[in-house]
Structures are given as structure tokens and as C-alpha cells.
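# Coordinate inspection notes
Listed here are the chains, written in short residue letters.
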Amino acid sequence: FLELWLENVWTLIPLNVMYAMLQCLLIPGGLAQVGMTRVALDMVRSRHSFLLADFFETIRKSWRKALPAGLILLLLWIFLLFTAWFYFTSAGLMAMFYLSLVEHYVYQQIALLKLPLKKAFRNACILVLADWKKNLLIGILRLAYLALLWGIFTLLPYTVTPALLLLVTLCFYPGLMQMLTQHLIFPGVKKYL
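Numbering of residues begins from 1 in every chain and follows the order in which that chain's sequence is written. Local features in a predicted model are, by the rule used here, given only for residues with pLDDT of at least 70; side-chain atom pairs are given and counted only at 80 or more, and totals for whole chains, interfaces and linings are based on all residues. To obtain the side-chain values, all non-hydrogen atoms of the structure were used and water was disregarded.

### Focus: the overall build of the protein
The secondary structure content of the protein amounts to eight helices and zero strands. In DSSP terms, a helix is any run of H or I states spanning at least four residues, a strand is any run of E spanning at least two, and both are numbered starting from the N terminus. Secondary structure elements of the protein, listed N to C terminal, follow the sequence α-α-α-α-α-α-α-α. C-alpha atoms define the radius of gyration in this analysis, and the globule rule sets the expected value at 2.2 Å times the number of residues to the power 0.38. A compact globule built from 193 residues should have a C-alpha radius of gyration of about 16 Å, and the protein, at 17 Å, falls within 12% of that. Along the first, second and third principal axes, the C-alpha set of the protein runs to 50 × 45 × 30 Å. A burial count over the protein gives 46% of its 193 residues as buried. Contacts were defined at the residue level, with two residues in contact if any of their heavy atoms lie within 4.5 Å. Here the analysis covers contacts within the protein between residues at least 6 apart in sequence; of these, 72% occur between residues at least 24 apart. Where accessible areas are quoted, they stem from the Shrake-Rupley method and a 1.4 Å probe; at the residue level, only the protein chains shown are allowed to cover. Summed over its atoms, the accessible surface of the protein is roughly 11,200 Å², and 75% of this surface lies on carbon and sulfur atoms. The centroid of the 16 positive side-chain charges in the protein is displaced by 12 Å from the centroid of its 7 negative side-chain charges. Exposed residues in this analysis have more than 50% of their type's maximum accessible area, buried residues have under 20%, and partly exposed residues fall in between, with area computed by a 1.4 Å probe over protein chains only. Here the positive residues are Lys and Arg and the negative ones are Asp and Glu; neither His nor the chain ends is included. Lysine's charge is taken at NZ, arginine's at CZ, aspartate's at CG and glutamate's at CD.

Below is the structure:
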């Protein structure tokens, strides 16, 4: 995986920036996610990708499913964040972790398969539990990334930290996390679907 990512790290930077800009618009978050999922999946499957062209082509082809999926997931996130803030239980944190994994499976199915949205959500909920070892690894790697950001923030001077965090998060993290996630979850999707 690292060889594949290092081979594509510099070509992914414009796509990462475009993805981050579209994610900031909040409502089209599902649109940006499905485009990024498709490009990362093509790279993981060693298929040729025209990065930005494929990103926007996937958004254009699947916006009718990606936009409602993004809105549904956004509403679920708002609900879970509210309940976690209000009740603060470990079950709320586990539900947020579960939903973050469901997102990846939903967008992958939207980008790859021609399924109704209800069936994509149902499959995603099942696949998170069916391939739990790889999903747990994704969660551990996300926590390691947050620990790295916290280490950068606490160890470096405050004049350098915001610019470095912005650079890492904007230019490298989306592509790395998408490629890693697709690398880990695609074999399960291929096996079960």
C-alpha cells in the first residue's frame, strides 16, 4: 500500500485540495466523497485514472444518490453529536465510529454499483460488521493520525503549527485516508457483494 501511495502522493495534491474545498460547502459533502472514493478506488485497483476529470465525472453521474446520502449521513451525524454531547456515553462514541465506517461503504457502493440508496445503506451496515477486523484497523489508523496532529500541535512553536497542520490536512490526508480505506474495504465488498 505504501508503495502505491508514494507513487501517487504528488498527483493527489490537486485532487485533495479540490475535495477539501467541496467538503467545506457542507451540503455537497456526499458529492465530493463519492468522487474521491471513485478515484482512490481506481488507484487501489491499479486502473488508470484522470484524477480531476474522473472526480467530476463520478459526481456528475451519481449526484442523484450521493446528495441524498450526504444529507442523510449529515443528519445522522448531527443527531449522534447531539446525543454524545448531551448524554456522553461510550455507546454514543461507538455509534459515531460505526457511522464513520458506514459512510465509506455507502459511497463506495454509490460509485461502483447501481443499487438503490436504501439497499446501499443496508449493505453498508452489514459490511461494517462482516469485515470488522479491517474496520477496526481503519479506526486505529485514524486515531494514530489524530495523535500525530496532537503531537505536532503541542511540540512545535505556535507560529509554525497552524500552517503545518493546514498543509498536512489539506494536501495529504484526504487522499491517504481514502486510498487506505479503499485498500482495506474493497476486498470485503468484492467478497460479499
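This is not the end of the story, as more comes after the structure.
### Overview of the side chain of Thr83
Mapped onto the fold, Thr83 is located in helix α3 (residues 52-87). A relative accessible area of 17% means that Thr83 is categorised as buried. Among the polar contacts made by the side chain of Thr83, one reaches the main-chain carbonyl oxygen of Leu80 at a distance of 3.0 Å. Two N or O atoms count as a polar contact when they lie within 3.5 Å, although within protein this holds only if one can serve as hydrogen donor and the other as acceptor, and sequence-adjacent residues are included solely when both atoms are side-chain atoms.

### Digging into the pattern of salt bridges
Within this document, salt bridges are pairs made up of a side-chain nitrogen of Lys or Arg and a carboxyl oxygen of Asp or Glu, the two lying within 4 Å of each other. Across all of its chains, the model carries three salt bridges by this definition. Between Arg38 and Asp42 there is a salt bridge, with its nearest N and O atoms 3.5 Å apart. In this pair, Arg38 and Asp42 are both assigned in helix α2 (residues 29-44), four residues apart and thus about one turn of the helix distant. For Asp42, a relative accessible area of 6% puts it in the buried group. Across the pair Arg60 and Glu57 runs a salt bridge whose closest N-O atoms are separated by 2.6 Å. In this pair, Arg60 and Glu57 both sit in helix α3, three residues apart, roughly one turn of the helix. Of the residues examined, Glu57 reaches a relative accessible area of 30% and is grouped as partly exposed. Here the salt bridges share partners, and the residues they tie into one network are Glu57, Arg60 and Lys61.

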